[in-house]
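Chain by chain, the residues run as shown.
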Amino acid sequence: MIDKVRFDNFGPLSSVEWYSLGGLNLVIGENSAGKTFLLKALYSIVRSLELYKRGDERQTSLSEILAKKLHWTFQADKIGDLVSKGSDNPLLFEAVINNHKIAFSFGKDTVKQISNVQYEGPSLEGNSVFLPAKEILSLHHIILKSREIDQLFGFDDTYFDLAKVLNIRPTKGKNFPEFAQSRENLRELLGGRMEYDESDHRWNFKKGNEKYAPGITAEGVKKLAILDTLLGNRYLSPQSIVFIDEVEAALHPKAISAFLDILALLAEKDIQFFMATHSYFVLKKLLLISRKKRLSIPVLSANQGEWTAGDLIDGMPDNPIVDESIRLYEEQIELSLQ
Amino acid sequence: MSQRQTIEIEESGMVFGPFQKETVFHIENSRLYSYVNRGEGSVPTAEFLLLHRLESSSTAPSLWIVEAKSSAPRPGNKEDFGTFIQGINAKLASSLILIIAAFLGRHPSHNDLPMSFLTQNYSSISIKLILVLRGHKKEWLEPISDALQKTFKSTARIWNFHPEDVVVLNDEMARKQKLIRGS
């Protein structure tokens, strides 16, 4: 579990400190504020710590894994391009994950060598994943070919890693009760499940006895099906960290509520979530979850380059999403008077 | 055995209650209100205070401060949104301060709060600030609730309650909460 993070001169994150993180964590802010960037950066670092010394792997250093992960996630020619534009100071990252500190820094001229990664903890046990805003099931085999065979930029590591793990076959047997309940709730929401057809290398949505090709399956269904698949193939486990960009993407407000209830249930079994959102419904629903469960839900809010940390347990933080809802209401009143 | 006295309050075209008399303080009809509004200037206040206890609950009551309105900014009328929100904030916030001041004995000669209000534990009582809008559509309530809660952030921190304890209802929802009489 990530307990706290600090970014300095890390792309659009000129100075961000976020402490006392919880099971559900939310990032809000306007377009181009750096929300997706922040989630991708955290994913890259966490995934590097998971791959470091995993199994019998002893040959590759953490700094090599990290540099490669940053390269393929941000797809910059040199990782020094991640240093904030116009800054002469080096990029700095610090975090405490499972009570172990990780810190590194590098300058804008760094090509691929991060020389000062500080980490004395063990390899992280869980498997973390990044769920992008766009669904990937219909592009699944194209993503794999583009990266595994052609080694091209285009689909970054968040897409590639997810495409790879979706190939893991479902595991039968008893799952954690919270996971089993979550899958049941997801099935109820979906009305079916996604199945991989080995013969034509594509995912189909199966509802009763009917099969639907990915092209005619709703985007929201595919998104929910990915989480169901990752729980079913046991890729996700307690200690996993799930990063969800635009958690509301392709979902109806009712489905958003049900989806967030499922995430809250999974968070009770030690899966940690980091979500970015533009949605009023996501904010409102999480506010209700926070109050109902008396649960801390840290919120990091970006406003014109400034990042402010708050917590939904203290009430709705000032934010442009709610402000816009109020402004629209006022505009509606104005218009009706003309 | 004598039956407990009940009270109804008619405000903004709605009939609130019936409530047990000792659980209600109708602010505008009180000596306390007349006293603090003597002379020039006036103290904006809500309609009434209610010690609200959930049915079949033995827990301590919560303090509801209730303001009623028959009109509010909405598509089709001419009320200014910002002025409306500030006005409601002033009424609810002043009412909260007024009852605490009365409880602390700041107005010993003019304090006509019912005894039940004077025996509450104000250090832990749950506080709800409630605005009831007659005839307001449900879909128009949310932005008013958001805007009002936003103005209550500092007050909520000072008195240690949640901004979400500021609640906006229409008459239909208030009826469900048994705040106003069923038709």
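Throughout, a residue's number is its position along its own chain's written sequence, starting from 1. All chains are assigned letters beginning with A, and all ligands numbers beginning with 1, in the order in which they are written. For this predicted model, a pLDDT threshold of at least 70 governs which residues receive local features, and a threshold of 80 or more governs which side-chain atom pairs are given and counted, while totals over whole chains, interfaces and linings are taken from all residues. The basis for every side-chain value is the complete set of non-hydrogen atoms in the structure, without hydrogens or water.

On to a nonpolar patch on the surface, then. On the surface, Ile97, Ile158 and Trp159 of chain B cluster together into a nonpolar patch covering about 310 Å² of accessible area. Counting from the N terminus, the helices are DSSP H or I runs at least four residues long and the strands are E runs at least two residues long. Counting through the fold element by element, Ile97 of chain B comes out in helix α2 (residues 81-103). Only residues whose relative accessible area exceeds 30% and that form no salt bridge are eligible for patches; like-charged ones are grouped when within 9 Å, while nonpolar side chains (Val, Leu, Ile, Met, Phe, Trp, Tyr) are grouped when within 5 Å. Computed by Shrake-Rupley with a 1.4 Å probe, the accessible areas treat only the displayed protein chains as cover when residues are assessed. When a carboxyl oxygen of Asp or Glu lies within 4 Å of a side-chain nitrogen of Lys or Arg, that pair is called a salt bridge.

In this section: the interface of chain A and chain B. Chain A puts 20 residues into the contact, and the matching count from chain B is 20 residues. Taking both partners together, chain A and chain B bury about 1,700 Å²; carbon and sulfur atoms supply 55% of that area. A salt bridge links Arg291 of chain A to Asp165 of chain B; its shortest N-O distance comes to 3.4 Å. Two N or O atoms form a polar contact when they lie within 3.5 Å of each other; inside protein one atom must be a possible hydrogen donor and the other a possible acceptor, and for residues adjacent in sequence the pair counts only when both atoms belong to side chains. Here chain A is connected to chain B by 10 residue pairs in polar contact (both at pLDDT 80 or more). When contributions to the side of chain A that touches chain B are tallied by element, the ones reaching two or more residues are α8 (280-293) and α9 (320-337) of chain A. Ranked by the residues each element gives to the side of chain A that touches chain B, the list is headed by α9 of chain A, at 10 residues. Any two residues having at least one pair of non-hydrogen atoms within 4.5 Å are treated as being in contact. Buried area is calculated as the accessible area (1.4 Å probe) missing from two parts once they are joined, with the contributions of both summed.

Below, the discussion takes up the packing of helix α6 (residues 219-232) of chain A against helix α7 (residues 253-268) of chain A. Residue and element names in this part refer to chain A. Comment: axis = line fitted to C-alpha atoms, over the contacting stretch for helices; angle = value between 0 and 180 degrees taken between N-to-C directions. The interhelical angle for the contact between α6 and α7, taken along N-to-C directions, is 20 degrees, at an axis separation of 12 Å. On the basis of their axis angle, the class for α6 and α7 is roughly parallel. Of the two elements, α6 crosses α7, and the hand of that crossing is left-handed. The residues of α7 that touch α6, namely those facing Lys223, Leu224, Leu227 and Leu231, are Phe259, Ile262, Leu263 and Leu266. Put simply, Ala, Val, Leu, Ile, Met, Phe, Trp, Tyr, Cys and Pro go in the nonpolar bin, Asp, Glu, Lys and Arg in the charged bin, and everything else, Gly too, in the polar bin. Of the residues contributing to the contact of α6 with α7, the split by class is seven nonpolar, no polar and one charged. Should an angle lie under 35 degrees it is considered roughly parallel, over 145 roughly antiparallel, and from 65 to 115 roughly perpendicular; all remaining angles are considered oblique. Each crossing gets its handedness from the near helix: less than a right angle anticlockwise from the far helix is left-handed, clockwise is right-handed.

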